[in-house]
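Take a look at the letters that make up each chain.
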Amino acid sequence: MNEGLEGVVAARTVLSDVDGAAGRLVLRGQSLDALAGRWRFEQVLALLWDGFFDVPVEAHAMPPALGRARLEAAALLRPEDAQALAALAPVDALRALLARLPDGDDLPTALRLVAATGVFTAAVLRWRAGGSALAPQADAPHAADVLRLAQGRAPTAQQAAALDTYLVTVADHGLNASTFAARVVASTGAGLASAVLVGLSALKGPLHGGAPGPVLDMLDAIGSADAADDWLQAALDRGERLMGFGHRIYRVRDPRADALKGALRQLAAAGGVGGERLALAEAVERAALASLQARKPGRVLETNVEFYTALLLEALGLPREAFTAVFAMGRVGGWIAHAREQARTGRLIRPQSLYVGPAPGSVRAVAEPQPA
Ligand code: ACO
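Residues numbered from 1 in each chain as written. Predicted model: local features only at pLDDT ≥ 70, side-chain atom pairs only at ≥ 80, totals over all residues. Heavy atoms only, no water.

### Regarding the overall build of the chain
Basically, it comes down to this: Secondary structure elements follow DSSP: runs of H or I of four or more residues count as helices, runs of E of two or more count as strands, with numbering from the N terminus. Each radius of gyration reported is based on C-alpha atoms, and the globular scaling rule is 2.2 Å times the count of residues to the power 0.38. Note on classification: 1.4 Å probe, protein chains only; a residue is buried when its accessible area is under 20% of the maximum for its type, exposed when over 50%, partly exposed between these limits. When checking whether two residues touch, look at their non-hydrogen atoms; a contact exists if any pair is within 4.5 Å. Under the convention used here, a 1.4 Å probe and the Shrake-Rupley method define accessible areas, while residue burial counts only the protein chains that appear.
Of regular secondary structure, the chain possesses 16 helices and three strands. Rg of the C-alpha trace for the chain: 22 Å, near the compact-globule value of 21 Å for 372 residues, within the 12% margin. Overall, the C-alpha framework of the chain stretches about 75 × 55 × 45 Å when taken along its three principal axes. Within the chain, buried positions represent 51% of all 372 residues. The contacts of the chain with a sequence gap of at least 6 include a subset with a gap of at least 24, amounting to 76%. When the accessible area of the chain is evaluated, it comes to approximately 17,300 Å², of which 54% is carbon and sulfur surface.

The structure is reproduced here in structure tokens:
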């Protein structure tokens, strides 16, 4: 039996191919290199979704449709919820808010879920900062509008482009844990809102989408490049995992790390990232890769998407405790596509378990059954 289901093929998909040996990610015939920094998030949603709804999903129609959906989502926010939801971790507040959306399998439901993930996360960040939720601008690009809603001011063109690149980079990634969870729910015939809620719940764990906040904690704790090696060795001696390194599928560098590093460099060129922070991160990355290679010579442990996610989202002024919710803003597009693809197979996902408990009669009952 294979506890982590490594190597088990559990779905056929036309959506994304993660080639772990070549370090390549393909979304519906387009390589990540061709998409990141070139396609807008709305176009990538159309790429992933077309053919999975009763109506065609056309790229040119997506920006206004998503803009209208952001207005609808904002109308569901209640100022009286601000205090209670601001007290939760942003990803938990997002989960509570998304749970209010109606379920369904159609394109309006899908658009509402993507729009709401951005609008609700931004509102939670405003509430946590003591402010109130702002009104979306339906005619703005999704990434730029969500960043404005979160920060309370219009982002620069480079900041908006960087978030857009991020959302595209994380939009879909094969049968990762959250996508698999979403497909299991969709296979039962439950709707897209149910599948997205489950995807979000799986994403939040530190072994999946919860790593980028801890990456920054690690950089802060290390403090300076010359302290990196000692700090990392001590963490590994304690048996800790270094956040932002290693991957179940990639045996070479995660291509998403390079896409995000490229976006970060562009932001740095425009003065949007502190050079010292970037230099510290690069020194920590070098030291971590060397330590991991020395300790696990038989296993390639490379930089994963979360390391540069952490730096990029920090440079955009987003607080680290919100990084998982921001990840969900992009990945929600993939969850929806996979949920529709799975639902259309009409096949329930229902694997088996191997019973390793006691045989009947071999253990004393805790309480004897009472006569009726
Ligand atoms: N730091 C230190 N050691 C590591 C790391 C790491 N980041 N990653 C793996 N290892 C070690 C394991 O402890 C294991 O050692 P062992 O054989 O002595 O037990 C060995 O390398 C093999 O690791 P696996 O557990 O088989 O790797 P797996 O494929 O199960 O794990 C995972 C992948 C969960 C991502 C792991 O690399 C990890 O915990 N990384 C840190 C957390 C992280 O960055 N998560 C984000 C992943 S990207 C994403 O989901 C969006």
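### Some remarks on the site of the ligand
As a reminder of what qualifies: Being near a molecule or strand, for a residue, comes down to having at least one heavy atom within 4 Å of it. In protein, a polar contact requires one atom able to donate a hydrogen and another able to accept it; more generally it is a pair of N or O atoms within 3.5 Å, and residues adjacent in sequence count only if both atoms are side-chain atoms.
What surrounds the ligand is a group of 22 residues, the closest being Leu-242, Gly-244, Phe-245, Arg-248 and Lys-296. Within the contact set of the ligand, an oxygen atom lies 2.9 Å away from a side-chain nitrogen or oxygen of Arg-241. Separating an oxygen atom of the ligand from a side-chain N or O atom of Arg-248 is a distance of 2.8 Å. Coverage of the ligand by the protein amounts to 77% of the 920 Å² it exposes when considered alone.

### Concerning the packing of helix 2 (residues 41-49) against helix 8 (residues 157-169)
What counts here: Axis lines are fitted through C-alpha atoms, for helices just across the contact stretch, and the angle between N-to-C directions can take any value from 0 to 180 degrees. Each angle gets one of four labels, with under 35 degrees taken as roughly parallel, over 145 as roughly antiparallel, 65 to 115 as roughly perpendicular, and the rest as oblique. For any pair of crossing helices, the crossing counts as left-handed if the nearer helix is rotated counterclockwise from the farther one by less than a right angle, and right-handed if it is rotated clockwise. Just so you know the grouping, Ala, Val, Leu, Ile, Met, Phe, Trp, Tyr, Cys and Pro go in nonpolar, Asp, Glu, Lys and Arg go in charged, and all remaining residues, Gly too, go in polar.
Look at helix 2 against helix 8: their axes get within 9 Å of each other, and the N-to-C directions meet at 15 degrees. Taken together, the axes of helix 2 and helix 8 lie roughly parallel to each other. Between helix 2 and helix 8 lies a crossing of right-handed hand. Residues Phe-41, Glu-42 and Val-44 of helix 2 form the contact with helix 8, whose participating residues are Asp-164, Leu-167 and Val-168. Partitioning the contact of helix 2 with helix 8 into residue classes produces four nonpolar, no polar and two charged.

### Thoughts on the pattern of salt bridges
The line we're drawing: Criterion for a salt bridge: a side-chain nitrogen of Lys or Arg within 4 Å of a carboxyl oxygen of Asp or Glu.
In this structure the tally under the stated criterion is 26 salt bridges. In this structure, the salt-bridge partner of Asp-145 is Arg-148, at a minimum N-O distance of 2.8 Å. Pair noted here: Asp-145 and Arg-148 are both in helix 7 (residues 142-151), with a separation of three residues, about one helical turn. The two residues Asp-145 and Arg-148 agree in class, both being buried. Note that Asp-258 and Arg-253 form a salt bridge whose closest N and O atoms lie 2.8 Å from each other. Through salt bridges with shared partners, one network takes in Arg-253, Asp-258, Lys-261, Arg-265, Glu-282, Glu-285 and Glu-302.

### Side note on a nonpolar patch on the surface
Here is the rule we go by: Candidate patch residues must exceed 30% relative accessible area and have no salt bridge, after which like charges are joined if within 9 Å and Val, Leu, Ile, Met, Phe, Trp or Tyr side chains if within 5 Å.
On the surface, Met-1, Leu-354 and Val-356 cluster together to form a nonpolar patch covering roughly 410 Å² of accessible area. Mapped onto the elements, Met-1 comes out in the segment before strand 1 (16-19). For Met-1, a relative accessible area of 75% puts it in the exposed group.

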